[in-house]
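# Structure at a glance
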Amino acid sequence: MILFNDTKGGFQMAVPKRKVSKARRDKRRSNVWKLSMPGMVKCSNCGEYNLTHRVCSACGYYDGKQVIAKKEA
């Protein structure tokens, strides 16, 4: 916090002269809005990549156990 000496012996805080535009504000905050890669892991049963902590869509296994019975075509 920056304080300036006032002519009357008090202190005043620094105040911006102009409103910060939405574009300038959003440029400053842009690193928060980045998309991140989802956590992908190989299925321990079939080796296909899936999101973490989800049942494998290819074989129906989760945590080494069959949770969903897949139909064979």
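Residues numbered from 1 in each chain as written. Predicted model: local features only at pLDDT ≥ 70, side-chain atom pairs only at ≥ 80, totals over all residues. Heavy atoms only, no water.

## Regarding a nonpolar patch on the surface
Stated precisely, the cut-off is as follows: Patch construction takes residues with relative accessible area above 30% that form no salt bridge. Like charges are linked within 9 Å, and nonpolar side chains (Val, Leu, Ile, Met, Phe, Trp, Tyr) are linked within 5 Å. Working definition of accessibility: Shrake-Rupley area with a 1.4 Å probe, residue cover restricted to the visible protein chains. By definition here, a salt bridge exists when the distance from a side-chain nitrogen of Lys or Arg to a carboxyl oxygen of Asp or Glu is within 4 Å. A helix here means a DSSP run of H or I that spans at least four residues, while a strand means a run of E at least two residues long, and both kinds are numbered starting from the N terminus. We call a residue buried when its accessible area falls under 20% of the maximum for its residue type, exposed when it is over 50%, and partly exposed in between, using a 1.4 Å probe and counting protein chains only.
A surface patch of nonpolar side chains, about 320 Å² in accessible area, is lined by Val55, Tyr62, Val67 and Ile68. Looking at the secondary structure, you find isoleucine 68 in the segment after β6 (65-66). With a relative accessible area of 43%, isoleucine 68 lands in the partly exposed category.

## Quick look at the pattern of salt bridges
Applying the stated criterion to the full structure yields two salt bridges. Linking arginine 25 and aspartate 26 is a salt bridge whose minimum nitrogen-to-oxygen distance equals 3.1 Å. For arginine 25, a relative accessible area of 29% translates into the label partly exposed. Residue aspartate 63 pairs with lysine 65 through a salt bridge whose shortest N-O separation is 4.0 Å. Of the two residues, aspartate 63 and lysine 65, neither departs from the other in class, the shared state being exposed.

## What about the side chain of asparagine 50?
Quick reminder of the rule: Contacts are residue-level and defined by heavy atoms, with any inter-residue pair within 4.5 Å sufficient.
Examined against the element boundaries, asparagine 50 turns out to sit in strand β4 (residues 49-51). Apart from residues no more than four positions distant in its own chain, asparagine 50 is found in contact with Gly39, Met40, Val41, Cys43, Cys56 and Ser57.

From the geometry alone we can't say anything about function, so treat these as descriptive.
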